[in-house]
Amino acid sequence: MTTTAHPLVARARQLAEDLLAPNAARVDQEGVPASHVEAVKRSGLLGVSAPVEYGGAGAPSAVAREIAEILAGACCSTWFVQTQHHTPVAMLAKSERPVRERLLGPLARGELMSGVAYAHLRAHPRTPVRVTRERNGWRFNGTVPWYTGWGLNDVMLLAGWTDADEALFAFTEAREQPGLRASEPMRLAALTAARTVSLELDGLWLPDEAVAARMPHEQWSATDRARTVNASPAVFGIAEAALDLLEKDSAGPLRDRVDKVRRRAYTLADHPVAQEHHEERLALRTQAFDVMRTATTAAVVAGGGRAMTLTSKAQRLAREGMFLLVQGQTAESRRAHLTALVGSAP
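What counts, and where the lines are drawn
Residues numbered from 1 in each chain as written. Predicted model: local features only at pLDDT ≥ 70, side-chain atom pairs only at ≥ 80, totals over all residues. Heavy atoms only, no water. Helix = DSSP H or I, 4+ residues; strand = E, 2+ residues; numbered from the N terminus. Rg over C-alpha atoms; globule rule 2.2 N^0.38 Å. Buried < 20%, exposed > 50% of the residue type's maximum accessible area, 1.4 Å probe, protein only. Contact = heavy atoms within 4.5 Å. Areas by Shrake-Rupley, 256 points an atom, 1.4 Å probe, with all protein chains shown as cover. Lys, Arg positive; Asp, Glu negative; His and termini not counted. Charge placed at Lys NZ, Arg CZ, Asp CG, Glu CD. Salt bridge = Lys/Arg side-chain N within 4 Å of Asp/Glu carboxyl O. Axes fitted to C-alpha atoms, helices over the stretch in contact; angles between N-to-C directions. Parallel < 35°, antiparallel > 145°, perpendicular 65-115°, else oblique. Left-handed = near helix turned anticlockwise from the far one by under 90°. Phe/Tyr/Trp six-rings, centres within 6.5 Å; stacked < 30°, edge-to-face > 60°. Core = buried A, V, L, I, M, F, W, Y, C linked by side-chain atoms within 4.5 Å. Arc of directions from axis to C-beta.

### Let's talk about the overall build of the protein chain
Right, on to step 1. Check the secondary structure of the protein chain and you find twelve helices and eight strands.
Right, on to step 2. Its C-alpha radius of gyration of 20 Å places the protein chain within 12% of the 20 Å reference for a compact globule of 346 residues.
Right, on to step 3. Each of the three principal axes of the protein chain carries a C-alpha extent, and together these read 65 × 45 × 45 Å.
Right, on to step 4. Split into buried and exposed, the 346 residues of the protein chain put 53% on the buried side.
Right, on to step 5. Summarising the internal contacts of the protein chain: among those between residues at least 6 apart in sequence, 73% fall at separations of at least 24.
Right, on to step 6. Here the protein chain displays about 15,800 Å² of accessible surface, and carbon together with sulfur accounts for 53% of that area.
Right, on to step 7. Looking at charge distribution, the protein chain has the averaged site of its 40 positive side-chain charges lying 2 Å from that of its 38 negative ones.

Listed below in structure tokens is the structure:
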């Protein structure tokens, strides 16, 4: 079966064509509605990479990437809310702790959707969130600067640093509770619709049974470094959506450039040793941003003055592309991107 023929890819295309794309301009201005989340849950897409024995599809990475491209190109805000879900699923699939049996099935089947609150771990050696041992559990204190999907997610995967310099990940309900308070939703230049807040943690206590993983800083950092160095499928999804707004003569050469970068980036993403070809992966991540930015700029130029209206797809894609420039960014990827930009300046 080819990736395109996979039933979940067909389901993603139908969802995009029937619901996400027709409503993307309204969602961009008003927010991702709960009905979009319910449609994603029903579609089975939340379990695309989850183990079959827990109700997931166990699909290859290529299928998950194509689905991500489709959803991001149709409605990047909805894509961004649901994409958080796949990291908790992947962590639970590797976990041997009791929380796996409690949550992996509901998450794989789309009965629950999870958000994530762990990007602040990349601030190490700063520790925005500290975790201390107390009774038969853990106490969380500090600030989570970014949490996406507030009011839409059922549970969240929360992380912080222990006194032993371990990253500790635990699940809790994605709602205000003793020790957890959310800010008002942030107004952002793009993807305000994804309902991003900051979280204040003032002694939130979670039991041992909620813990999904504990790992030393060096282990977590190496895993995160290998994962974030690859180009995001959403970047190619936005680029393709922008190219669809151009005349064939303009779109053709740009689409060839997108395809070339994507093929190489995905080949490396599938490499059996995630730590190899690191510099080339970084370079391809930057090249993916370049072709996306060129495509969205071309769509704005082709749209003329009409592209400045808030109902214009071109300007929305350009703003969403700007957001993707910093989504999943690490200090290393930032340096590499800036170096490439400075080096390409006339």
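Past the structure itself, the notes keep going.
### Focus on the pattern of salt bridges
Right, on to step 1. Counted by the stated rule, this structure contains 25 salt bridges.
Right, on to step 2. Taking the shortest distance from any N to any O, the salt bridge between Arg319 and Asp28 comes out at 2.6 Å. In this pair, Arg319 is assigned in helix H11 (residues 313-324) and Asp28 in helix H1 (residues 7-30), connecting sequence segments 291 residues apart. Both residues of the pair, Arg319 and Asp28, belong to the buried class.
Right, on to step 3. Note that Glu101 is salt-bridged to Arg100, the shortest N-O span being 3.7 Å.

### Looking at the packing of helix H8 (residues 233-243) against helix H9 (residues 248-269)
Right, on to step 1. For the pair H8 and H9, interaxial distance at closest approach is 10 Å and the crossing angle is 170°. Accordingly, the angle class assigned to the pair H8 and H9 is roughly antiparallel. Judged by the sense of rotation from one axis to the other, the crossing of H8 with H9 is left-handed. On the side of H8, the interface is formed by Pro233, Phe236, Ala239, Glu240 and Leu243, while H9 contributes Ala251, Leu254, Arg255, Val258, Asp259, Val261, Arg262, Ala265 and Tyr266.

### Some thoughts on the packing of aromatic side chains
Right, on to step 1. If you walk through the whole model with that rule in mind, you get six aromatic pairs.
Right, on to step 2. Ring plane angle 35° and centroid distance 5.8 Å describe the contact between Trp79 and Phe80, whose orientation is recorded as tilted.
Right, on to step 3. Residue Trp79 is classed as buried on the basis of its relative accessible area, which comes to 4%.
Right, on to step 4. Residue classification places Phe80 among the buried positions, given a relative accessible area of 7%.
Right, on to step 5. Where Phe236 meets Tyr266, the ring centres are 5.5 Å apart and the plane angle is 85°; that geometry is what we call edge-to-face. Placement of the pair is Phe236 in helix H8 and Tyr266 in helix H9, with a sequence separation of 30 residues. You'll find Phe236 and Tyr266 in the same group, each marked buried.
Right, on to step 6. Grouping aromatic residues by their ring pairs yields a cluster made of Trp79, Phe80 and Phe323.

### What to know about the nonpolar core
Right, on to step 1. Ile67, Leu71, Trp79, Phe236 and Leu324 are the most contacted members of the largest nonpolar core, which has 63 residues in total.
Right, on to step 2. Sequence-distant contacts of Phe236, defined by excluding residues within four places in its chain, comprise Glu69, Ala231, Val258, Val261, Arg262, Ala265, Tyr266 and Ala288.
Right, on to step 3. Among the nonpolar cores identified, the runner-up in size contains 24 residues, and Ala50, Leu107, Val116 and Met215 belong to it.

### Here's the deal with unusual backbone geometry
Right, on to step 1. Omega for the peptide link from His124 to Pro125 comes to 15°, which places this bond in the cis form.
Right, on to step 2. Note on placement: Pro125 falls in the loop between strand S1 (114-117) and strand S2 (129-134).
Right, on to step 3. In this structure, Arg135 is a non-glycine residue whose phi angle is positive, near 50°.
Right, on to step 4. The class for Arg135 is exposed, based on a relative accessible area of 58%.
Right, on to step 5. For His277, which is not glycine, the phi torsion reads 55° and is therefore positive.
Right, on to step 6. Its location among the elements puts His277 in the loop between H9 and helix H10 (278-303).

### Focus: the environment of Ala170
Right, on to step 1. The topology assignment puts Ala170 in strand S5 (residues 166-173).
Right, on to step 2. In this structure Ala170 comes out as buried when scored by relative accessible area, which is 1%.
Right, on to step 3. In the structure, Ala170 is positioned 95 residues away from Ala265 in sequence and 32 Å away in space, judged by C-alpha atoms.

### Considerations on the environment of Ile67
Right, on to step 1. Inspection of the secondary structure assignment puts Ile67 in helix H3 (residues 61-74).
Right, on to step 2. Overall, the relative accessible area of 4% leaves Ile67 in the buried class.
Right, on to step 3. Separated by 43 residues in sequence, Ile67 and Ala24 have C-alpha atoms that sit 17 Å apart.
Right, on to step 4. Excluding residues that lie within four positions of it along the chain, Ile67 makes contacts with Leu8, Val9, Ala12, Leu45 and Val48.

### Description of helix H5 (residues 86-94)
Right, on to step 1. Along H5, the positions that sit buried rather than exposed are Pro88, Val89, Met91 and Leu92. Projected onto a plane normal to the axis of H5, the buried residues spread over an arc of 165° and lie on a single side.

### Thoughts on helix H2 (residues 34-43)
Right, on to step 1. Every buried residue belonging to H2 is among His36, Val37, Ala39, Val40, Lys41 and Ser43, and all of these are buried.
Right, on to step 2. Residues of H2 that are buried make contact with H1 and helix H4 (76-83).
Right, on to step 3. Gly44 occupies a position one or two residues after H2 and carries a positive phi of about 85°.

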